[in-house]
Amino acid sequence: MSDNKFDVVVIGSGPGGYVCAIRCAQLGMKVAIVEKYSTLGGTCLNVGCIPSKAWLDSSERFYELAHLDEHGIGVTKPKLDVKKMSERVAGVVKDITGGVDYLMSKNKITVFHGMGSFVDKNTVKVSGEKEETLKADKVVIATGSKPASIPGIEIDKERVITSTEALTLTECPKHMIVIGGGVIGLEMGSVFLRLGAKVSVVEYADDILATMDKDCSKEMKKVFKKQGMEFHLGHGVTDVSVKGKKVTVKAKSKKDESELTLEGDYCLMAVGRKPFTDNLGLDAVGVKLDDRGRVETDKHLKTNVDGIYAIGDVVKGAMLAHKAEEEGVYLAELMAGQKPHINYNLVPGVVYTWPEVASVGETEQELKAKKTPYKSGKFPFKASGRAKASSESSGFVKVLAHKETDEILGVHMVGPRAADLIAEAVTAMEFRASAEDIGRICHPHPTYSEAFKEASLVATDKRGLNI
Ligand code: FAD
Ligand code: NAI
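The structure presented is a predicted model; accordingly, all values stated were derived computationally and were not measured. (Residues numbered from 1 in each chain as written. Chains lettered and ligands numbered in written order. Predicted model: local features only at pLDDT ≥ 70, side-chain atom pairs only at ≥ 80, totals over all residues. Heavy atoms only, no water.)

(A) Region of interest: the overall build of the chain. On a plain count of helices and strands, the chain comes out with 14 helices and 22 strands. Counting only C-alpha atoms and orienting by the principal axes, one finds that the chain spans roughly 70 × 60 × 45 Å. Looking at the chain as a whole, 53% of its 467 residues qualify as buried. Accessible surface for the chain amounts to roughly 22000 Å². Of this, 51% is attributable to carbon and sulfur atoms. Across the chain, the mean location of the 64 positive side-chain charges is 1 Å away from that of the 64 negative side-chain charges. (Helix = DSSP H or I, 4+ residues; strand = E, 2+ residues; numbered from the N terminus. Buried < 20%, exposed > 50% of the residue type's maximum accessible area, 1.4 Å probe, protein only. Areas by Shrake-Rupley, 256 points an atom, 1.4 Å probe, with all protein chains shown as cover. Lys, Arg positive; Asp, Glu negative; His and termini not counted. Charge placed at Lys NZ, Arg CZ, Asp CG, Glu CD.)

(B) Spotlight on the site of ligand 1. Around ligand 1, a shell composed of 39 residues is seen, among which Glu35, Thr43, Lys53, Gly116 and Ala321 lie nearest. Here Gly16 contributes a backbone N or O atom positioned 2.9 Å from an oxygen atom of ligand 1. Between Glu35 and ligand 1, the recorded distance is 2.6 Å, taken from a side-chain N or O atom to an oxygen atom. Relative to its free-state accessible area of 990 Å², ligand 1 is covered by the protein chains to the extent of 94%. Listing elements by their share of the shell around ligand 1, those giving two or more residues are helix H1 (15-26), strand S2 (31-35), helix H2 (42-47), helix H3 (49-65), strand S4 (115-120) and helix H9 (321-335). Considering every element that reaches the shell around ligand 1, the biggest residue donor is H2, with 4 residues. Residue composition of the shell around ligand 1, by class: 17 nonpolar, 17 polar and 5 charged. (Near = heavy atom within 4 Å. Polar contact = N/O pair within 3.5 Å; in protein donor to acceptor, adjacent residues only side chain to side chain. Nonpolar A, V, L, I, M, F, W, Y, C, P; charged D, E, K, R; others polar.)

(C) Just the packing of aromatic side chains, in detail. Counted by the stated rule, this structure contains 4 aromatic pairs. Between Phe6 and Phe112, the aromatic rings sit 6.1 Å apart at their centres with planes inclined by 85 degrees, giving edge-to-face as the arrangement. Within this pair, whereas Phe6 is found in strand S1 (residues 5-11), its partner Phe112 is found in strand S3 (residues 110-113), the two being separated by 106 residues in sequence. Judged by centre distance (6.3 Å) and plane angle (75 degrees), the rings of Phe381 and Tyr448 are edge-to-face. Residue Phe381 is located in the loop between strand S20 (374-380) and helix H11 (385-389), and its partner Tyr448 is located in the loop between helix H13 (435-439) and helix H14 (450-459); the two are separated by 67 residues in the primary sequence. Taking the relative accessible area as the measure of exposure, Phe381 reaches 0% and is therefore buried. Take Tyr448: its relative accessible area is 12%, and that puts it in the buried class. In this structure, Lys30 packs its charged tip against the face of Phe6, placed 4.8 Å from the ring centre. Between the NZ or CZ atom of Lys378 and the centre of the ring of Phe396, over which it lies, the distance is 4.4 Å. (Phe/Tyr/Trp six-rings, centres within 6.5 Å; stacked < 30°, edge-to-face > 60°. Lys NZ or Arg CZ within 6 Å of the ring centre and 35° of its normal.)

(D) Representation of the domain arrangement of the chain. Here the chain is partitioned into domain 1 (2-146 + 274-342), domain 2 (160-271) and domain 3 (347-459). If you average the C-alpha positions of domain 1 and of domain 3, the two centres end up 31 Å apart. Each partner contributes residues to the interface: domain 1 has 8 residues there, and domain 3 has 7 residues. Summing both sides of the interface, domain 1 and domain 3 together bury roughly 650 Å²; the carbon and sulfur share of this comes to 66%. The largest per-residue losses of area from domain 1 upon contact with domain 3 belong to Lys53, Glu60 and His322, which jointly make up 45% of the total buried on that side. Summed over the shared surface of domain 1 and domain 3, the result is 0 salt bridges. Taken together, the connections running from domain 1 to domain 3 amount to 2 residue pairs in polar contact (both at pLDDT 80 or more). When residues of the side of domain 1 that touches domain 3 are traced back to their parent elements, those giving at least two are H3 and H9. Classifying every residue of the side of domain 1 that touches domain 3 gives 2 nonpolar, 2 polar and 4 charged. (Domains from an automatic or database assignment. Contact = heavy atoms within 4.5 Å. Buried area = accessible area lost by both parts, 1.4 Å probe. Salt bridge = Lys/Arg side-chain N within 4 Å of Asp/Glu carboxyl O.)

(E) Representation of the site of ligand 2 in the model. Around ligand 2 sit 23 residues, and of these Glu187, Glu203, Gly272, Met319 and Val350 come closest. Contact distances for ligand 2 include 2.8 Å between an oxygen atom and a backbone N or O atom of Ile184. The separation between an oxygen atom of ligand 2 and a polar side-chain atom of Glu203 is 2.5 Å. Across the complex, the protein chains shield 76% of the 840 Å² of accessible surface that ligand 2 would expose by itself.

(F) Looking closely at the sheet that holds strand S13 (residues 246-253). Taken in spatial order, the 3 strands make up an open sheet running S12-S13-S14, and their pairing is antiparallel. Sheet topology places strand S12 (235-243) and strand S14 (259-264) at the edges, where each strand pairs with a single neighbour. Between one strand axis and the next, the sheet turns by 20 degrees as a mean value, whatever way the strands run. Relative to S13, S12 runs antiparallel, the two sharing 8 bridges. Within the sheet, the bridge partner assigned to Ser241 lies in S13 and is Thr248. (Pairing = 2+ DSSP bridges. Axes fitted to C-alpha atoms, helices over the stretch in contact; angles between N-to-C directions.)

Rendered as structure tokens:
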């Protein structure tokens, strides 16, 4: 095999691409990965999951310091150094992307930096500092996604920004207008709200987190309002203009067409993400896209061209790092002749605000729409001893189980550490547990995890023990 001939070439080094490359290498394949940026790790590690969680963590600490009165702790006004906070985030990103470099060399994966594009189905050209031509039996498209915008609205990256720019701000906005009450809008909105900004969210749908279980959206709206976030729901943005440091956002109410005008110093565009296939040369090989610009694949992640596969944000499904990772492993094992499996129904979703929101399986609205007979059990955190001890009174765990079989069909929660608690629900559902199974499993006391047991007990029609 010549130096540039590989069993597999992966284009894109996000959690889909780099995880796929590692699993391929572990399974004995000769692998190359191509990344257009100078650092590996994709959106998730560079401008997504990791830096946003680093900001969320720092801002949470700052906010908490200023709210310790009821614990009997008086703190003189904490000093905020947003530039330093931003530098810490950059440091976290540098460390974690460096970790991916290490994993590539440990697994003997050849890394090429430059834009990858198809010449033919077995040839990928890398246009970087120097041009390389790679030959491969199989090519994996893992090119991810980029922020979407509203037609006609220019993102100048200075005052009208996406999450990418928001993650490197070195000052706290005075008034941040967030377009989109989805995950990015609420996570990044929370960061700057906690640091002292006024945050106004303009959302087209009638609710925030519109695709989650309605009880979660309702609870979070209440919590955010209490934290001081302002909402303009049911409003479609029509115009965004910038004059010096001032941004003006205009929106129209869906209900009565009345016009809303907001003025701030930053506008964060958070209206979703779109698959990224620019300059990939898909036309050269005839890879089909679907009506939403995603690379079309069958259920085995194969495109219409033999030997070309696609995973992660660039294909259909949730745009989540762990979904991309699962697909990366799935595909590597499939290409090695194994018979892997992904249960897409059990890909959990988490919003890392405070409290956190976490969800797996079907929502109550989906069960109703499908006419699935179900029962519901809910346990509020205000009744949990552990939550009381830490003065966490918002949120709940809600368990939806099949009415006849008692199998858990969905778990939705708002509350402290919900992001971690949801893993138990995913495990339970993967093993097709009934609500009674969970209700009968010993959970440590006092922990937040007891709320899942209690909600399961309620769902089994048994009375919860703590209410
Ligand atoms: P990406 O991570 O987008 O990686 C694709 C890579 O391909 C990029 O590095 C890109 O430069 C490269 N590339 C593209 N085209 C080419 C080409 N032609 N040649 C060479 N390289 C190319 N998900 C979660 O699960 N949890 C979270 O907490 C979370 N937080 C997020 C916060 C923010 C602010 C954002 C924006 C996203 C967040 N996500 C989160 C989503 C998550 O980042 C994505 O789902 C995930 O990164 C998708 O992985 P991927 O490998 O498919 O693509
Ligand atoms: P999103 O799809 O979560 O939310 C976008 C929101 O914008 C929707 O509620 C939509 O109704 C609204 N919107 C669209 N057009 C509008 C308009 N013209 N006016 C007003 N509102 C409008 O997308 P978001 O927040 O940009 O995130 C993109 C993706 O990134 C998510 O789908 C998610 O998969 C991923 N992500 C995941 C995170 C996590 O797992 N914690 C964190 C951040 C991002």
